[in-house]
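# Examination of the molecular architecture
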Amino acid sequence: MKDVKPTCIKIGEVEGEGLIELSNSRMKTWRRCQVKHDFKYVDKLRPKRKAVPLRRGTWVHSCLEARDSGENWVEVIKKLKAEEYDKLFAEEKVELGDLPTEVFRIMRAYHQHYSKVDLAYETLAVEQQFMIRIPNTKYVITGVIDAIKRHKSSGKVWCFEHKTMKKLPSENFRMSDVQTTLYMKVMVLLAPYLGYKPEDIEGVIIDYISTKAPTIPEVLKS
């Protein structure tokens, strides 16, 4: 596997006074509630404690990043447990539950299911950061693409996005997702920097991951 350590690709003049950085999450927040947007992006307010689903999703995402990079995702769980989970108060651990074990079971099932599928792809970039200045404006589009991979047989390049959630979103939501549309345009601009041709871009693969760990089989009365 080639070096896929994340580095930020900057296109155009992305640094300077008066520029406004726009990410997909920021635009989505503004569309939903402009007051929340100002609290989060202007006043820089943050909740004191991260919500349980968000913390779980962050752990799973960190494991997937390590896995896509060819690293040991089990070691990531051990590190997060030592640096985050073990330092929590007992009451916080009760609220989270046995998070390290839960994430391990989710990732183990994921790895077992996709280990053979992964052999068909070559990883070109992981957690690819980008900053792109929109010409003749003060706006800079920013974001992070989870992974960019090339199919070994067809040579086609795919944008991979990992999403953790309780249930699969509706088809209408998936077909009208602004993020994937934006990332397809970004993929074209990133092509010269990552060693693939724009015409080889095939599409986006959204990897929906259930945050409910697989059920542990029990011995039945029968």
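Residues numbered from 1 in each chain as written. Predicted model: local features only at pLDDT ≥ 70, side-chain atom pairs only at ≥ 80, totals over all residues. Heavy atoms only, no water.

Let us now look at the pairing of strand β4 (residues 139–151). Burial runs high along β4: 10 of the 13 residues are buried. Pairing between strand β2 (residues 20–22) and β4: 3 bridges, direction parallel. Paired with Glu21 across the strands is Val140, a residue of β4. Counting the residues that bridge the hairpin from strand β3 (residues 121–133) to β4 gives 5 residues, and of these Asn136 lies at a positive phi of roughly 65 degrees. As paired strands, β4 and strand β5 (residues 157–165) are joined by 4 bridges and run antiparallel to one another. Bridged to Ile148 within β5 is Cys159. (Buried < 20%, exposed > 50% of the residue type's maximum accessible area, 1.4 Å probe, protein only. Helix = DSSP H or I, 4+ residues; strand = E, 2+ residues; numbered from the N terminus. Pairing = 2+ DSSP bridges.)

It is worth spelling out the side chain of Thr142 at this point. With respect to the element layout, Thr142 can be found in strand β4. We classify Thr142 as buried; its relative accessible area is 14%.

Further remarks concern the layout of surface pockets. The calculated volume of the largest pocket comes to roughly 1,600 Å³. Along its surface, the largest pocket is lined by 37 residues, and Ser25, Lys28, Lys40, Leu54 and Lys163 are the ones closest to its centre. Listing elements by their share of the lining of the largest pocket, those giving two or more residues are α1 (24–32), α2 (34–42), α3 (52–68), β4, β5, α8 (178–194) and β6 (201–210). Element by element, the count of residues in the lining of the largest pocket is highest for α3, at 6 residues. Of the residues that constitute the lining of the largest pocket, the class distribution is 12 nonpolar, 13 polar and 12 charged. (1 Å grid on protein atoms, 1.4 Å probe; cavity = no way out; pocket = protein on both sides within 12 Å on 5 of 7 lines; lining within 4 Å. Points joined across faces, edges and corners; volume = space filled by probe spheres on them. Nonpolar A, V, L, I, M, F, W, Y, C, P; charged D, E, K, R; others polar.)

Next up on the list: the packing of α1 against α2. Where α1 meets α2, the closest approach of the two axes is 6 Å, and the angle between their N-to-C directions is 140 degrees. Judged by the inter-axis angle, α1 sits oblique to α2. Here Ser25, Arg26, Thr29, Trp30 and Arg32 of α1 come into contact with α2, specifically with Gln34, Lys36, His37 and Tyr41. Looking at the contact of α1 with α2, its residues break down into 2 nonpolar, 4 polar and 3 charged. (Axes fitted to C-alpha atoms, helices over the stretch in contact; angles between N-to-C directions. Parallel < 35°, antiparallel > 145°, perpendicular 65-115°, else oblique. Contact = heavy atoms within 4.5 Å.)

What follows covers the pattern of salt bridges. Summed over all chains, the structure comprises 9 salt bridges. A salt bridge links Asp68 to Lys149; its shortest N-O distance comes to 3.2 Å. Separated by 81 residues along the polypeptide, Asp68 in helix α3 and Lys149 in strand β4 bring together distant segments of the chain. In this structure Lys149 comes out as buried when scored by relative accessible area, which is 6%. The closest approach of N and O atoms between Asp86 and Lys81, which form a salt bridge, is 3.0 Å. Here Asp86 falls in the partly exposed class, since its relative accessible area comes to 37%. (Salt bridge = Lys/Arg side-chain N within 4 Å of Asp/Glu carboxyl O.)

Next up on the list: the packing of aromatic side chains. One pass over the full model with this rule turns up 4 aromatic pairs. The interplanar angle of 40 degrees and the centroid separation of 4.8 Å between the aromatic rings of Tyr110 and Tyr114 together place this pair among those described as tilted. Pair noted here: Tyr110 and Tyr114 are both in helix α6 (residues 99–118), with a separation of 4 residues, about one helical turn. Since its relative accessible area comes to 11%, Tyr110 is described here as buried. Centre to centre, the rings of Phe130 and Tyr183 are 5.8 Å apart; their planes meet at 90 degrees, and the pair counts as edge-to-face. Highlighted residues: Phe130 in strand β3 and Tyr183 in helix α8, separated in sequence by 53 residues. Accessibility classification places Phe130 together with Tyr183 in one group, the buried group. (Phe/Tyr/Trp six-rings, centres within 6.5 Å; stacked < 30°, edge-to-face > 60°.)

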